[in-house]
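The residues making up each chain are set out below.
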Amino acid sequence: MLSSLVVTCVSYHHFEQTPSPYTRHLGVSTSPAAFARHLAYFKRHYSPISLDQLIAGDLPPNPLLLTIDDAYRSVLDIAAPLLSEHRIPALLTTNPGVIAGGFAPIDNVLSLAMEELGATGLGLAVGLTEPWSGSIRRVVREILPTLDLCRRAGLKERLLRLLGVEESHLVERMDLFLNPDQLARLVTEHGFTVGNHTVSHTTFRGLPRSQAQSEILGGKRQLEQMTGQNIRSFSFPYGNRLDATPDALEILRASGHEAIFLVQRRTNAVRPSPDIWYRQSMADDTELQLDMKLTWYPRMGELKAALN
Ligand SMILES: [Zn+2]
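Residues numbered from 1 in each chain as written. Predicted model: local features only at pLDDT ≥ 70, side-chain atom pairs only at ≥ 80, totals over all residues. Heavy atoms only, no water.

> A description of the pairing of strand β10 (residues 276-281) should follow, citing residues and the corresponding values.
Summarising burial for β10: five of the six residues are buried, a large majority. Both strand β1 (residues 8-12) and β10 contribute to a ladder of two bridges, which runs parallel. When the bridges of β10 are listed, Ser11 appears paired with Ser281. Direction of pairing for strand β9 (residues 259-263) relative to β10: parallel, over a ladder of four bridges. Of the residues in β10, the one forming a bridge with Val263 is Arg279. (Buried < 20%, exposed > 50% of the residue type's maximum accessible area, 1.4 Å probe, protein only. Helix = DSSP H or I, 4+ residues; strand = E, 2+ residues; numbered from the N terminus. Pairing = 2+ DSSP bridges.)

> Report on the coordination of the zinc ion, specifying residues and quantitative values.
In a perfect tetrahedron of four donors around a metal, the angles come out at 109.5 degrees. In a perfect octahedron of six, they are 90 or 180 degrees. Protein coordination at the zinc ion: the donors are Asp70 (OD), His197 (NE2) and His201 (NE2), at 2.1 to 2.2 Å from the metal. For the zinc ion, all donor residues lie on one chain, and their spacing in sequence is D-x126-H-x3-H. Remark: His201 occurs in the loop between β7 (193-196) and α10 (209-227) and Asp70 occurs in the loop between β5 (63-69) and α3 (74-86); sequence separation between them is 131 residues. (Donors = N, O, S within 2.8 Å, 3.2 Å for Na, K, Ca; no water.)

> Provide a residue-level description of the pattern of salt bridges, including the pertinent values.
Under the defined criterion, the tally for this structure stands at 16 salt bridges. As a salt-bridge pair, Arg209 and Asp247 come within 2.8 Å of each other at their nearest N and O atoms. Within this pair, whereas Arg209 is found in helix α10, its partner Asp247 is found in helix α11 (residues 246-254), the two being separated by 38 residues in sequence. Taking relative accessible area as the criterion, Arg209 reaches 31% and is therefore assigned partly exposed. Under the relative-accessibility criterion, Asp247 is labelled partly exposed at 30%. (Salt bridge = Lys/Arg side-chain N within 4 Å of Asp/Glu carboxyl O.)

> Would you mind going over the nonpolar core in detail, with residue names and values included?
Phe42, Leu66, Ile68 and Leu83 are the most contacted members of the largest nonpolar core, which has 65 residues in total. Looking at this core element by element, the count peaks at nine residues for helix α5 (residues 106-126). Each of domain 1 (8-101 + 180-307) and domain 2 (106-171) contributes no fewer than three residues to this core. Ignoring any residue separated from it by four or fewer positions in sequence, one finds Leu66 in contact with Val10, Tyr12, Phe35, Leu39, Phe42, Leu83, Ile88, Pro89, Ala90 and Leu91. Grouped together as the second largest cluster of nonpolar side chains are 16 residues, Ala244, Ile251, Leu262 and Ile276 included. (Core = buried A, V, L, I, M, F, W, Y, C linked by side-chain atoms within 4.5 Å. Domains from an automatic or database assignment. Contact = heavy atoms within 4.5 Å.)

> Could you give me a rundown of the packing of aromatic side chains, with the residues and numbers involved?
A full pass over the atoms with the stated rule returns nine aromatic pairs. Ring geometry for Phe15 against Phe35: centres 4.6 Å apart, planes inclined by 55 degrees, an arrangement best described as tilted. Within this pair, whereas Phe15 is found in strand β2 (residues 14-15), its partner Phe35 is found in helix α1 (residues 32-45), the two being separated by 20 residues in sequence. Each member of the pair, Phe15 together with Phe35, is buried. Relative to Phe236, the ring of Phe204 lies with its centre 5.6 Å away and its plane at 85 degrees, an arrangement referred to as edge-to-face. Of this pair, Phe204 sits in the loop between β7 and α10 while Phe236 is found in the loop between β8 (233-235) and α11, placing the two residues 32 residues apart along the sequence. Members of the aromatic cluster, connected to one another through ring pairs, are Tyr12, Phe15 and Phe35. Between Arg265 and the ring centre of Tyr297, over which it is positioned, the NZ or CZ distance is 4.3 Å. Over the face of the ring belonging to Trp296 we find Arg299, whose NZ or CZ atom lies 5.2 Å from the ring centre. (Phe/Tyr/Trp six-rings, centres within 6.5 Å; stacked < 30°, edge-to-face > 60°. Lys NZ or Arg CZ within 6 Å of the ring centre and 35° of its normal.)

See below:
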């Protein structure tokens, strides 16, 4: 690989061998073996960097920032020991509303609803009357972004009623998420940097400014209390640039978020502003897929954008 100072950012979510009903339809899982192979690949082809290095612009050749989104406990159980072993720094951007306990992210409720109600039942529950492919991706891309926090909570309540389960019981049954002590261990035992991913894992397009503010400022404040770190970064849930609204960006910058992450097939050679970074979303990729995902797709995405 030719030497370059363009930063590559990768994003993971959850680590498990076999996806459960709560994650199966979300495409968020990486197997422990695949993750170990990815880390060896990163060590061979890149220089892993920390968030502080990214913000300071203190970059070695072929810099790579490894980030993990959401609040899965598998980050502590599976990813952290492997990262420590390879001495690769990691940024966990997370949701304190989930870590505080008793709160089920709507994504996991949707996955369970797909499992138990089927595509037709879930389609009816979320208001899709015409035939649909039965991919949760469509709900996440087309329906969730139109909802404000109240309507989003209403949809989750409706799904939980259809599933016949109370939210606190479901959280217990899933047994998937970090608690505050485990988050603290990621920082103290494994040297993780923590970033903001909103309180409740929400999109921004459908939110009034007051709700955007409470999700961003509340997320930062609660994470600072939980970790003792100064929270300097933010990643938009689902990573869509349409959620980087002028309101959201203004609130983020005014509250000291110095690095803001999206997920898009673009290189970081050309960015909308110096504090915005594109990440590539990772799953169970083979080495060939890593080459495509990290080297070729982002360049093709950039070319496509330039031609449009
Ligand atoms: Zn997320």
